[in-house]
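Topology and contacts: notes
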Amino acid sequence: ILASRADVVVRSQGGNNAGHTAVNNGEVYKLHLIPSGILYPDTLCLIGAGVVLDPKDFISELDDLAGRGIKTEGHLKVDPRAHIVMPWHIALDGLSEAFRGGKDIGTTKRGIGPAYMDKYERCGIRMYDLVHPEIFRQKALSTGALKNKIITEVYGGEAFDLEAVIAEYTEYGKQLASYVDDVSVLTYEANKAGKTILFEGAQATLLDIDFGTYPYVTSSHPVSGGVCTGTGV
């Protein structure tokens, strides 16, 4: 309903750990990463730098929409600075929750927290890296080796075959290359042109990492201030 009044819809934070269920013309759409404006063919939908994106899940959403006649090419873009959720993030999310036992946080085990951890440790893999195979390979080997060590030696889990992961995710990068664009610039230009912009988050105030019910919170800033840092506005 809100997106119907917007020219541009910009997602600012979170990942596929939340999202929106939209009913349009009797059809039910479950959107985890793609902004709800995608159901309007003339609305520009943007995913900002503050989002952590699982490429496998994102492609699944794209395929689902395509199969239902919803066009995404040309009016859906992802910022190159958005961080990628890798399979070891998902594994570590589940392993760390199991380690906490009865004091677990209750995460969705989709790797969101560990992906943000890598972002702030400055060892994360970004959308830009994913669509440049030579850079992606170098970063995935380096970070993946460290994650395998943590998974096996700290948690007693099973190591990832890094070559298999690189091959799989390089293909995702090829599929998603056409969706990459500078969301901060696109949003700036839309605002300058007097367009109506709707900013979309995935959670609300009490799940904010700083102002929520810590530690039972998400790993990003769903409060309004998060819009600024998550989209470059």
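Placed above this text is the structure.
The structure reproduced in this document is the subject of the present report.

Calculation notes
Residues numbered from 1 in each chain as written. Predicted model: local features only at pLDDT ≥ 70, side-chain atom pairs only at ≥ 80, totals over all residues. Heavy atoms only, no water. Pairing = 2+ DSSP bridges. Helix = DSSP H or I, 4+ residues; strand = E, 2+ residues; numbered from the N terminus. Axes fitted to C-alpha atoms, helices over the stretch in contact; angles between N-to-C directions. Left-handed = near helix turned anticlockwise from the far one by under 90°. Contact = heavy atoms within 4.5 Å. Phe/Tyr/Trp six-rings, centres within 6.5 Å; stacked < 30°, edge-to-face > 60°. Buried < 20%, exposed > 50% of the residue type's maximum accessible area, 1.4 Å probe, protein only. Core = buried A, V, L, I, M, F, W, Y, C linked by side-chain atoms within 4.5 Å.

On to the sheet that holds strand E1 (residues 8-11). Across a sheet, paired strands are connected by hydrogen bonds in the backbone, their directions being either parallel or antiparallel. Strand order in the open sheet made by the four strands is E6-E4-E1-E8, with parallel pairing throughout. Each having just a single partner strand, strand E6 (76-78) and strand E8 (197-200) make up the two edges of the open sheet. Adjacent strand axes in the sheet meet at a mean angle of 20° when their direction is disregarded. As paired elements, E1 and E8 share four bridges and run parallel to each other. Within E8, the residue paired with Val8 across the bridge is Ile197.

Looking now at the packing of helix H2 (residues 87-100) against helix H3 (residues 112-121). In the contact formed by H2 and H3, the axes pass within 7 Å of each other and the chain directions differ by 120°. Considering how the two elements wind past one another, H2 and H3 form a crossing that is right-handed. Contacts between H2 and H3 involve Trp88, His89, Leu92 and Asp93 from the former and Ile112, Pro114, Ala115 and Asp118 from the latter.

So, on to the packing of aromatic side chains. Across all of its chains, the model carries four aromatic pairs by this definition. When the centroid spacing of 6.5 Å and the interplanar angle of 75° are considered together, the rings of Trp88 and Phe160 count as edge-to-face. Placement of Trp88 in helix H2 and of Phe160 in the loop between helix H5 (133-153) and helix H6 (162-176) is noted, with a sequence separation of 72 residues between them. Its relative accessible area of 1% is what places Trp88 among the buried residues. Plain terms: the ring middles of Tyr169 and Tyr172 are 4.9 Å apart, the flat faces sit at 75° to each other, and that makes the pair edge-to-face. Of this pair, Tyr169 and Tyr172 both sit in helix H6, separated by three residues, roughly a single helical turn. Each member of the pair Tyr169 and Tyr172 is classed as buried.

A word on the environment of Asn191. Counting through the fold element by element, Asn191 comes out in helix H7 (residues 183-192). Taking relative accessible area as the criterion, Asn191 reaches 53% and is therefore assigned exposed. Residues Asn191 and Asp129 lie 62 residues apart in sequence; the distance between their C-alpha atoms is 28 Å.

Turning our attention to the nonpolar core. Counting residues in each nonpolar core, the largest one holds 36 residues, and the members touching the most others are Ile38, Phe58 and Leu76. Counting residues per element, the ones that place at least two in this core are strand E3 (27-31), strand E4 (44-47), helix H1 (55-67), E6, H2, helix H4 (127-130), H5 and H6. Top contributing element to this core by residue count: H6, with six residues. If we ignore the near neighbours within four places in the chain, the residues touching Ile38 are Leu31, Cys45, Leu65, Ile70, Lys71, Thr72, His75 and Leu76.

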